[in-house]
Amino acid sequence: KTILIVASLTGAFGSSFLYGYNLSVVNAPAGYIKKFYNETWERRYGFSVDEGTLTLLWSITVSIFAIGGLVGAIIVTPIVKFFGRKCTLVLNNVFAVTAALLMSLSSLAGSFEMLILGRIIMGIDAGISLSALPMYLSEISPKEIRGSLGQVTAIFICIGVFTGQVLGLPEIFGQESRWPFLFGAIIVPSLIQAVILPFLPESPRYLLLEKHNRSQAEKAFQRFLGKDDVSQEIEEVLAESRVQRNTKLVSIIQLLRTRTVRWQIVTVVVTMGCYQLCGLNAIWYYTNNIFSESGIKHETIPYVTLSTGAVETLAAVFSGLVIERLGRRPLLIGGFGLMVVFFAVLTVSLTLQNSVHWLPYLSIFCILAIIASFCIGPGGIPFVLTGEFFQQSQRPAAFMIAGTVNWLSNFAVGLLFPFIQAGLQTYCFLVFAAICFAGATYLFFVLPETKNKTFHEISQAFAKRNKVTLEMQEMNHFPAERKSSAEQESNFTSSADNGESKKGIVHSPDLPFLFQQF
């Protein structure tokens, strides 16, 4: 299974790693970038930029990454349908390299607009990769390790955040003359992925169910699994195809109207919403202040902050190691539950820390505990669940919904948090505790365990809640006039063996269908 591991690591290194890296990379050079904005403004207009305009420019620079992410999430559906999962990841590097060049050369060109444009293009890259990568990983993984392999997305996000913190240290690129190199470094993971990934197989599910190329799908399974006999894996995919034999790749509207996946969609929206709204961004905001209150010297704080990135990475790795043993439910519900507890303790600690000398240290512990609680479950499992809940024809539209919720929530947090913090001060953490509690409660009553289950078995687990029988589920995917099962199987097999697409068998709608989705 070496190929499987290489494909997972290479895919994540050029995708989710860059998302995490771009979340943290702007923090260290923030002062130098603002100074660059001011100098550029003064050189152009002959006077310094006022504080309000500078704050606005900086806010746009940071938050426009989420706008780009939303654009990427919207356009990813037709792209993965037309080019496939692997090729989408490879082509996505064009956005990353373009963004890296714009941002790293902005200082030399004396144009802060290049930096802002680079941030939005980098956001598009992230929006595409955070949908295409989990889709690819879920489709190449054997069900026994699907959760662990799915956690690779979260692990590399954490490694990316940590790498951005390390490279931002004063000894490396955290200096006024070197901050452009922080953005130029984005090219390295992109080029590594662009060189290696083309030599690895495409998703066998995509090849079999959407391209109807059985021989290529078998070769892909053989390379990923490291064995010659992949008849069982092919049969599992064919079993799914029997349910959705005559179903085209569905649009957003069609998916939302499908009764058999109603609660799956709601669950994805809830988990993705809580993923962004659970308060981790607030933790990053308070970290430096809490470390300072604890008596840590200002110049030492960047090094101490590395502990947060290290804890994040270790917790994500731990989750990847135990997810197939403990399951998705305990890690996700337990993670949100622990965050509620530590948010409550942190609120008390921050409120009283001026009257009790040791409370700042309790605040530091709570910060690290909240980060660890997030990363053991809520930090990665939402991406895994989105890949597990939906059948092949529904998956691209489902990831588009998940990505849209993810990026809109990300933007909302960036926009509203300063006002929440100004109004509630340290009590703002109670808002996030309430969101985590609501998410944990919903998941406790609704989310079934999905480990070691096929896509069809997971659909069956939701059947009662969706108020549909298993017969209705099959009828939902078959047209009125259906061929016998044996005749359909014969038609599909001959079509797949020839790599051809025939009418009456799964085929894809014309590209694109974005307007149809809205």
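Going by an unreviewed UniProt entry, the protein chain carries the name Solute carrier family 2 member 9 and comes from Malurus cyaneus samueli. Of the protein chain, the UniProt comment under Sequence similarities (unreviewed entry) reads exactly: "Belongs to the major facilitator superfamily. Sugar transporter (TC 2.A.1.1) family."

The next subject is the nonpolar core. Grouped together as the largest cluster of nonpolar side chains are 127 residues, with contacts concentrated most on Tyr 37, Leu 255, Phe 336, Phe 343, Trp 407 and Phe 429. Residue contributions to this core peak at 16 residues, all from helix α8 (residues 112-140). Setting aside anything within four residues of it in sequence, one finds Tyr 37 in contact with Leu 54, Leu 57, Trp 58, Thr 61, Phe 112, Leu 115 and Ile 116. The next biggest cluster of nonpolar side chains, apart from the first, holds 11 residues, and it includes Leu 208, Leu 225, Ile 234 and Leu 238.

Mapped onto the elements of the fold, Gly 226 is located in the loop between α14 (214-225) and α15 (231-243). Considered as a pair, Gly 226 and Ile 3 are 223 residues apart in the sequence and their alpha carbons are 7.9 Å apart.

Turning next to the pattern of salt bridges. One pass over the structure, following the stated rule, counts 11 salt bridges. The salt bridge partner of Arg 395 is Glu 139, with a shortest N-O separation of 2.8 Å. With Arg 395 in helix α23 (residues 395-424) and Glu 139 in helix α8, this pair connects stretches of sequence that are 256 residues apart. Residue Arg 146 pairs with Glu 388 through a salt bridge whose shortest N-O separation is 2.9 Å. Of this pair, Arg 146 sits in helix α9 (residues 146-150) while Glu 388 sits in helix α22 (residues 381-389), and the two are 242 residues apart along the sequence. No difference in accessibility class separates Arg 146 from Glu 388, as the two residues are buried. Among the charged side chains, a network of salt bridges with common partners joins Arg 85, Glu 139, Glu 210 and Arg 395.

Conventions and cut-offs
Counting starts from 1 at the beginning of each chain's written sequence and moves along it residue by residue. With pLDDT at 70 or above as the cut-off, local features in this predicted model cover only qualifying residues; side-chain atom pairs require 80 or more to be listed or tallied, and sums for whole chains, interfaces and linings still use all residues. The side-chain values count all of the structure's non-hydrogen atoms but skip hydrogen atoms and water molecules. UniProt positions are given in the numbering used here, feature names are shortened, and annotations may be inferred rather than shown by experiment. Side-chain atoms within 4.5 Å are what join buried Ala, Val, Leu, Ile, Met, Phe, Trp, Tyr and Cys residues into a set we call a nonpolar core. Only protein chains enter the area calculation, which uses a 1.4 Å probe; residues under 20% of their type maximum are buried, those over 50% are exposed, and those in between are partly exposed. Numbering of helices and strands runs from the N terminus, with a helix taken as a DSSP run of H or I at least four residues long and a strand as a DSSP run of E at least two residues long. The contact criterion used throughout is that any non-hydrogen atoms of two residues lie within 4.5 Å. A pairing counts as a salt bridge when a side-chain nitrogen of Lys or Arg comes within 4 Å of a carboxyl oxygen of Asp or Glu.

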